[in-house]
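Given next are the chains, with one letter for each unit.
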Amino acid sequence: MKRLLAAAAGLALGGCSQVYPTLQEQRVSLSPGVLEKAGIAFITPSTVTGQEQEKQAVALIFAETLKKERPDVRVMTLADTLGAVNRAGLADSYRKMYDDSRETGLFERDMLKRIGGATGMRYLVHLKLLTFGQGSKERFGTLGLRIVETKYAHLRLFLQVWDTTDGSIGLEAMQEIRVSLESMSEEPVMLYDVLQRAARDLIARLP
């Protein structure tokens with residue numbers, strides 16, 4: 001029994017994680033070098049019902065990762081974008097733009113231009129958190145004692161880069177990740193860790 005428990009504990013402490021990424025991308029008009037010159041700003045992400053509280057976190061984590069992975073690109077965080085929009089007196093128009101986009105998936109061209117003017121950035125990043133779920137299941141136990149659990153998380157994230165000069169989509173991509181981790185810890189697989197991995201993969205697709 002002692003040997004069995006020791007083996008299980010050793011497996012748990014050593015850790016065993018598996019990541020299953022799937023990425024789809026369509027580059028429409030975004031060309032190499034343009035982001036460095038024109039800059040990119042984050043606008044409010046969209047989420048599915050029940051995940052609304054994650055919107056700010058999604059934008060923050062993605063912006064932090066973009067700054068780290070692409071220090072040559074001028075990046076405006078969501079907080080700075082919202083501040084610029086508010087100072088320009090565009091709050092009501094900004095809200096209406098989002099209300100309209102829920103039905104059409106479209107951001108109105110003139111409003112994009114006004115946001116571009118307020119932020120000084122040509123390109124806008126719109127993120128959609130389509131799925132995020134996490135959980136655990138018993139992986140190994142003896143005499144009813146939980147030794148190791150498999151923690152898992154599933155995330156699907158959609159990215160669009162909008163050009164404020166003409167209202168077109170310069171790039172869109174979707175990343176879906178499933179993570180499985182064997183652990184003795186009570187902590188679940190965190191949104192931060194999974195989203196950061198998805199962000200790195202998507203950022204690698206930016207020209």
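Residues numbered from 1 in each chain as written. Predicted model: local features only at pLDDT ≥ 70, side-chain atom pairs only at ≥ 80, totals over all residues. Heavy atoms only, no water.

Asker: Please explain the overall build of the protein chain as it appears in this structure.
Answerer: Of the regular secondary structure elements, the protein chain holds 7 helices and 7 strands. Buried positions account for 45% of the 207 residues belonging to the protein chain. Once local pairs closer than 6 in sequence are excluded, the contacts in the protein chain between residues at least 24 apart make up 75%. With the model as given, the accessible surface of the protein chain reaches about 10900 Å², and the carbon-plus-sulfur share is 51%. (Helix = DSSP H or I, 4+ residues; strand = E, 2+ residues; numbered from the N terminus. Buried < 20%, exposed > 50% of the residue type's maximum accessible area, 1.4 Å probe, protein only. Contact = heavy atoms within 4.5 Å. Areas by Shrake-Rupley, 256 points an atom, 1.4 Å probe, with all protein chains shown as cover.)

Asker: How should the nonpolar core be read in this particular structure?
Answerer: Generally speaking, nonpolar side chains in soluble globular proteins are found buried as a group. Ranked by internal contacts, the top residues of the largest apolar core, which has 33 residues, are I40, F42, F62 and L157. Looking at this core, the elements with two or more residues in it are helix 2 (34-38), strand 2 (40-42), helix 3 (55-69), strand 5 (123-142), strand 6 (145-163), strand 7 (168-183) and helix 7 (191-203). Residues contacting F62, with those up to four places away along its chain left out, are F42, L127, L157, L159, A199, L202 and I203. Ranked by size, the runner-up nonpolar core spans 15 residues in total, among them A41, M76, V85 and W162. (Core = buried A, V, L, I, M, F, W, Y, C linked by side-chain atoms within 4.5 Å.)

Asker: Explanation requested: the packing of helix 5 (residues 91-104) against helix 6 (residues 109-119) in the structure shown.
Answerer: Between two packed helices, both the angle of their axes relative to each other and the distance between the axes serve to describe the pair. In the contact formed by helix 5 and helix 6, the axes pass within 11 Å of each other and the chain directions differ by 135°. On the basis of their axis angle, the class for helix 5 and helix 6 is oblique. Crossing hand, helix 5 versus helix 6: left-handed. On helix 6, the residues that touch S93, Y94 and M97 of helix 5 are M111, L112, R114 and I115. Here the contact of helix 5 with helix 6 is built from residues that sort into 5 nonpolar, 1 polar and 1 charged. (Axes fitted to C-alpha atoms, helices over the stretch in contact; angles between N-to-C directions. Parallel < 35°, antiparallel > 145°, perpendicular 65-115°, else oblique. Left-handed = near helix turned anticlockwise from the far one by under 90°. Nonpolar A, V, L, I, M, F, W, Y, C, P; charged D, E, K, R; others polar.)

Asker: What should I look at first to understand helix 5 in this one?
Answerer: In an α-helix, one turn spans 3.6 residues; hence positions three or four apart end up facing the same way. With 14 residues, helix 5 extends 20 Å between its outermost C-alpha atoms, agreeing within 8% with the 20 Å of an ideal straight helix rising 1.5 Å per residue. Where helix 5 is concerned, the buried positions are Y94, M97, Y98 and S101. Each buried residue of helix 5 lies within a common arc of 95° when the element is viewed along its axis, so the set occupies one face. Exposed residues lying more than 90 degrees from the buried face of helix 5 are D92, K96, R102 and E103. Of the residues flanking the end of helix 5, it is G105, one or two places downstream, whose phi is positive at about 70°. (Expected span 1.5 Å × (residues − 1). Arc of directions from axis to C-beta.)

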